[in-house]
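# Overview (structure and organization)
Letter by letter, the chains look like this.
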Amino acid sequence: MLLWSVLHLTGTRAVSADYEKLGQPSVTLDDIRRFRQLDSKAPGHPEYHWVSGVETTSGPLGQGVATSVGMAIAQKWLASRFNRPGFDIFDYDLYAVCGDGCLMEGVASEAASLAGHLGLDNLCWIYDNNHITIEGSTRLAFTEDVAARFLGYGWHVLRIGDANDIDRIVHALEVFRQTKGRPTFIILDSHIGYGSPHKQDTAEAHGEPLGDEEVRLTKRFYGWPEDARFLVPPGVYEHFAAGVGARGAATRRRWTELYDAYRARYPELANEIHLMQGRELPAKWDANLPTFPADPKGIAGRDASGRVLNVLAQNIPWFLGGSADLGPSNRTTLTYEGAGDFQAESPSGKNLHFGIREHAMAATVNGLALSKLRAFGATFFIFSDYARPAIRLSAVMELPTIFVFTHDAMGDGEDGPTHQPVEHLASLRAIPGLVTLRPGDANEVVEAYRYVMQLRHAPAAIVLSRQPLPTLDRKKYASASGLARGAYVLGDAPGGEPEVIVIASGSEVSLAVEAHETLLADGIRSRVVSMPSWDIFEHQTQAYRESVLPRSVTARVAVEQASTLGWERYVGTSGRIIGMQTFGASAPLKELQRKFGFQPDRVVAAAREQLGR
C-alpha cells in the first residue's frame with residue numbers, strides 16, 4: 001500500500017508496453033479505493049508490466065531482494081560496457097526494503113551471499129526490523145544475529161534504532177552512497193502498526209484489517225480527521241510535485257541531454273542501448289549459428305548448446321549468463337577470447353558464476369532481464385526444483401529469460417533416482433507462459449535458441465541431454481526449423497497417409513525414428529513426429545495441428561523419459577504412452593533404457609498393438 005500511495009501522490013504517469021507515454025496516472029485514488037480488487041491498479045502485491053512504476057513483481061518472500069542482486073549486477077555490467085569518460089549513462093543505485101520473512105527465506109540468504117562476494121556497492125537493503133510475523137513475535141522462530149550474518153557475507157552493516165529518526169536515515173543512506181567495495185545492509189528498528197493503541201507490535205497488525213474503531217483511534221494518534229476516508233489534503237499533490245516531482249524531472253532532463261550528446265559521440269553504443277531497451281536484436285545475430293552434419297554417433301544436446309551460446313554471446317553484446325557451479329557440465333561457459341568472468345574487479349565479464357545457489361540464480365536472471373539484458377542461467381534439470389519459484393515469476397512478469405537445463409533424463413544413470421528428473425517436464429509445462437523446449441538433436445538445439453532469442457515477453461526453458469544423440473540426416477528427414485511450430489512431421493509414410501503416429505521429444509526422438517523405419521520396412525504406414533514443445537504447438541492454428549496429428553489416426557504412441565502426465569492429450573484415451581510411472585534407478589544408461597522400455601523394439605510392439613497386428 002505504501003508503493004501505491006507514493007505512485008499516486010507523486011503523480012507517476014502510466015506508460016504502455018512500448019514505453020509510449022500515455023499521460024494518465026499510474027495509480028488513481030479510485031484504484032486505491034479498490035485495493036486488491038479485480039482490475040485495480042493497486043493489487044495485493046506489486047505487479048510488473050501491469051502497473052507503471054513497479055520495477056519487479058516482488059512475489060513470495062525473499063524474491064524481491066534476490067531479484068535486486070540481478071539488477072545490481074546489471075548496473076555494474078552496463079556501466080562497464082557503455083559508460084565513457086564524462087558520460088555516466090548507467091550510474092544508478094539499487095534499494096530494496098525487506099522484512100523478517102524475507103530474511104528467513106533461503107533465497108535471500110543465497111542472494112545476499114552472492115552480492116557480498118561480488119562486492120556490489122551499488123546495492124542497499126533496508127531491513128524493516130519489527131520483530132513480528134504472522135504467528136507472532138519472531139522470538140518463536142527467528143533469534144539469530146542478523147547483523148553478524150550480513151557482516152559474514154561481506155556487507156557493510158548499519159543500524160538505526162528508531163524508524164522515525166529521519167536524520168539518521170538520511171545519514172545512513174549517505175554512508176551507503178560513499179561506501180565502496182561492498183553492499184550495505186541497514187537495520188531499521190520499527191514498530192508494526194505504529195500509532196495503533198491496541199494493535200501496535202502485534203501479529204494482528206501484520207495481516208488483518210485494524211477495524212473501524214481502531215482506525216479512528218490510530219488517526220487520532222496522528223492528529224488526522226478521524227472519519228475522513230482516502231483523504232488527500234489540499235497542497236499535498238503540490239508538495240510532492242515541488243519535491244520529488246521537480247527533482248525527478250530535472251534529473252531526467254539532465255540525463256536526456258547527456259544521452260543526446262553521448263549518442264552524437266558514440267552512435268554505435270547508443271544504438272546498442274536502443275536495441276537492448278526495446279528487447280530487439282542486432283542485425284545478423286543468428287547469421288553464423290552452427291549447422292551440424294548427419295552423424296549416427298551424434299553430439300550431446302549440452303555440447304551443441306555450448307557452441308550456440310558462444311556464437312550468440314559474440315553476436316549480441318548484451319547477452320550473458322552462467323551456471324550454478326556447473327558450467328563445465330552444462331557446457332555454458334563462454335570460452336571465446338574476451339568473454340571474461342564477471343567479478344568485483346572485472347564487471348565487464350560475461351560469464352556469471354552463481355555458485356551452488358540455484359534459487360538465487362534464477363531470481364538474479366530475472367533481475368538482469370528486468371534491466372533489459374538477455375540473460376541465461378543453467379543447472380542440471382533435477383535442480384529446476386530449486387529454481388522453480390523464480391522461473392514462475394519470470395512467467396508472471398513475461399520476461400524473456402532463458403533457463404538452460406542439462407542431464408534431462410537418465411543420462412546421469414549411476415547417480416540414481418535422486419538425480420534423474422521424472423516429473424520435471426510436466427511441472428514446467430504446467431507453468432502458464434513458460435516455453436519449455438526439449439530438442440531431439442543438435443540441429444533442433446540450434447533452432448531452439450533461434451526461436452527463444454526472438455521472444456520478447458516469455459521465458460523459456462531449454463532441456464538438453466547429457467549423452468550424445470544421433471544427428472539426423474535432414475536430407476532424409478524434415479528440416480529442424482519445424483521446431484519453431486512446437487511439433488512437426490519428421491518422417492512420414494509414402495503418400496503421407498499414416499496408419500500409426502509415433503511422437504517423441506528430446507533423446508527419444510532418435511529411437512522413435514528407428515521404430516518408424518522398422519514399421520515402414522514391415523509394411524506399416526508410420527509417421528514420426530518430433531514434439532520439442534507442447535506450448536508452442538498449442539499456439540499453432542487448428543489446421544496446422546490437424547496436419548501433424550490428424551484426428552482420423554487414432555493409433556498413436558508417445559515416447560518420453562519422463563512422467564506420462566499430460567501425454568493423453570496427444571495420444572487420446574486409447575493411445576499408448578511409453579514413459580515413467582515410477583522414479584528411476586541407479587545403473588548405466590543402456591540398462592535403464594532396457595529396464596524402462598525405451599528401446600525401438602518396444603515402440604514397434606506398442607505401435608503394432610495399436611493396430612491389432
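Predicted model only: the values in this text are computed from it and were never measured.

A word on the overall build of the protein. Of regular secondary structure, the protein possesses 23 helices and 21 strands. Rg of the C-alpha trace for the protein: 28 Å, near the compact-globule value of 25 Å for 613 residues, within the 12% margin. Seen through its principal axes, the protein has C-alpha atoms that stretch 90 × 60 × 45 Å. By sequence separation, contacts in the protein at least 24 residues apart represent 73% of the contacts at least 6 residues apart. Split by element, the accessible area of the protein, about 27500 Å² in all, is 53% carbon and sulfur. One finds the centroid of the 61 positive side-chain charges in the protein at a distance of 4 Å from the centroid of its 71 negative side-chain charges.

On the surface, a nonpolar cluster with roughly 510 Å² of combined accessible area is contributed by Tyr194, Phe221, Tyr222, Trp224 and Leu231. For Phe221, the location among the structural elements is in helix α9 (residues 212–222). Overall, Phe221 belongs to the partly exposed group, its relative accessible area being 47%.

A few words on the environment of Ile134. Counting through the fold element by element, Ile134 comes out in the loop between β5 (132–133) and β6 (136–137). The exposure class assigned to Ile134 is exposed, which follows from its relative accessible area of 67%. Sequence spacing of Ile134 and Glu208 is 74 residues, and the spatial spacing of their C-alpha atoms is 9.6 Å. Filtering out sequence-adjacent residues up to four positions away, Ile134 remains in contact with Ala203 and His206.

Tallied over the full model, the rule gives 26 aromatic pairs. Here the aromatic rings of Phe87 and Tyr262 are separated by 5.8 Å at their centres, their planes lie at 55 degrees, and the arrangement is tilted. Taken together, the positions of Phe87 in the loop between α3 (63–82) and β3 (94–98) and Tyr262 in helix α10 (residues 236–265) put the pair 175 residues apart, joining distant regions of the chain. Relative to Phe185, the ring of Trp155 has its centre 6.3 Å away and its plane inclined at 90 degrees; by these criteria the two rings are edge-to-face.

We now examine the pairing of strand β7 (residues 156–160). Among the 5 residues in β7, 4 count as buried, and that is most of the element. Here 5 bridges tie β7 to strand β8 (residues 184–189), and the two strands are oriented parallel to one another. The partner of Ile160 across the bridge, within β8, is Leu188. Where the polypeptide runs from β7 across helix α7 (residues 166–178) and back to β8, its parallel neighbour, the crossover connection is right-handed.

Moving on to unusual backbone geometry. The phi dihedral of His131 is positive, around 65 degrees, even though this residue is not glycine. Within the secondary structure, His131 sits in the loop between β4 (123–129) and β5. Among the residues examined, His131 registers a relative accessible area of 40% and is labelled partly exposed. Of note in the backbone geometry, Arg279 takes a positive phi value of approximately 55 degrees without being a glycine.

Across the sheet, 5 strands lie side by side as β17-β19-β18-β20-β21; this open sheet has mixed pairing. At either end of the open sheet lies a strand with only one pairing partner, and these are β17 (488–491) and β21 (576–580). Direction aside, the axes of adjacent strands within the sheet are offset by 25 degrees on average. As defined by bridge partners, β17 adjoins strand β19 (residues 526–530) across 3 bridges and the pair is classed as antiparallel. Each bridged residue has a counterpart across the sheet, and for Val489 the counterpart in β19 is Val529.

Moving on: the pairing of β19. Among the 5 residues that make up β19, 5 are buried, leaving the element largely enclosed by the rest of the structure. Note that strand β18 (residues 500–504) and β19 share 5 bridges and pair parallel. Bridge assignment links Ile501 to a residue of β19, and that residue is Arg527. Note on the crossover from β18 through helix α18 (residues 508–521) to β19: the handedness is right-handed.

With that settled, consider the pattern of salt bridges. Evaluation of the coordinates by the stated rule reveals 27 salt bridges. One salt bridge in this structure joins Arg34 and Asp30, with 3.4 Å as the shortest N-O distance. Of the residues examined, Arg34 reaches a relative accessible area of 28% and is grouped as partly exposed. In the salt-bridge network here, residues are joined through shared partners; they are Asp30, Asp31 and Arg34.

Turning to the sheet that holds β7, a few remarks are in order. The 4 strands are arranged β3-β4-β8-β7 in an open sheet whose pairing can be described as parallel. Single-partner strands in this sheet number two, and they are β3 and β7. Direction aside, neighbouring strands of the sheet carry axes that sit 20 degrees apart on average. In the sheet, β3 pairs with β4 via 5 bridges, with the strands oriented parallel. Considered in β4, the bridge of Leu94 is made with Leu123. Across the sheet, α3 touches β3 and β4, and the angle it forms with β3 is around 175 degrees. The strands touched by α7 are β3, β4, β7 and β8; relative to β7, the strand with the most contacts, the crossing angle is about 175 degrees.

With that settled, consider the nonpolar core. Counting residues in each nonpolar core, the largest one holds 115 residues, and the members touching the most others are Trp125 and Phe185. Here this core takes 11 residues from α3, the largest share from any one element. Excluding residues within four positions of it along the chain, Phe185 makes contact with Cys98, Leu103, Trp125, Tyr127, Val146, Phe150, Trp155, His156, Val157 and Leu158.

Bringing helix α12 (residues 301–315) into the picture now. The end-to-end C-alpha distance of α12, which contains 15 residues, comes to 21 Å, matching closely the 21 Å that a straight helix rising 1.5 Å per residue would cover. Among the 15 residues that make up α12, 11 are buried, leaving the element largely enclosed by the rest of the structure. Every buried residue belonging to α12 is among Gly301, Arg302, Ala304, Ser305, Gly306, Val308, Leu309, Asn310, Val311, Leu312 and Ala313, and all of these are buried. Summarising the contacts, the buried residues of α12 are in contact with β9 (295–300), β10 (319–323), α13 (327–330), β12 (374–380), β13 (402–406) and α17 (442–453).

Rules used throughout
By convention here, each chain's residues receive numbers from 1 onward along its written sequence. Per-residue local features are limited, in this predicted model, to residues with pLDDT of at least 70; the limit for side-chain atom pairs, both in listing and counting, is 80 or more; totals at the level of whole chains, interfaces and linings are taken over all residues. Heavy atoms throughout the structure, all of them, feed into the side-chain values; hydrogens and water do not. For the purposes of this entry, the term helix denotes a DSSP run of H or I that reaches at least four residues, the term strand denotes a run of E that reaches at least two, and both are numbered from the N terminus. Computation of the radius of gyration draws on C-alpha atoms alone. For the globule rule, the value is 2.2 Å times the number of residues to the power 0.38. The contact definition used throughout considers only heavy atoms, calling two residues in contact when any of these lie within 4.5 Å. Accessible surface is estimated by sampling points in the Shrake-Rupley manner with a 1.4 Å probe; for residues, cover comes only from the protein chains shown. Charge assignment in this entry is limited to Lys and Arg as positive and Asp and Glu as negative, and neither His nor the chain termini are counted. All charge positions are set by atom: Lys at NZ, Arg at CZ, Asp at CG, Glu at CD. Residues enter a patch when their relative accessible area is above 30% and they make no salt bridge; the linking distance is 9 Å between like charges and 5 Å between nonpolar side chains (Val, Leu, Ile, Met, Phe, Trp, Tyr). Put simply, a salt bridge is a Lys or Arg side-chain nitrogen that is within 4 Å of an Asp or Glu carboxyl oxygen. Partly exposed describes any residue whose relative accessible area lies between the buried limit of under 20% and the exposed limit of over 50%, with all areas from a 1.4 Å probe on protein chains only and scaled to the type maximum. Paired rings are identified among Phe, Tyr and Trp, the last through its six-membered ring, by centres lying within 6.5 Å, and are further divided according to the angle between planes into stacked (under 30 degrees), edge-to-face (over 60) and tilted (the rest). Following DSSP output, two strands are said to pair if at least two bridges run between them. When the strands point away from the viewer, a crossover counts as right-handed if the route from the first strand across the helix to the second turns clockwise. Axis definition: a line fitted to C-alpha atoms, over the contacting stretch in the case of helices. Angles run 0 to 180 degrees between N-to-C directions. The term nonpolar core refers to a set of buried residues drawn from Ala, Val, Leu, Ile, Met, Phe, Trp, Tyr and Cys, joined through side-chain atoms within 4.5 Å. An expected span of 1.5 Å times one less than the residue number is assigned to each helix.

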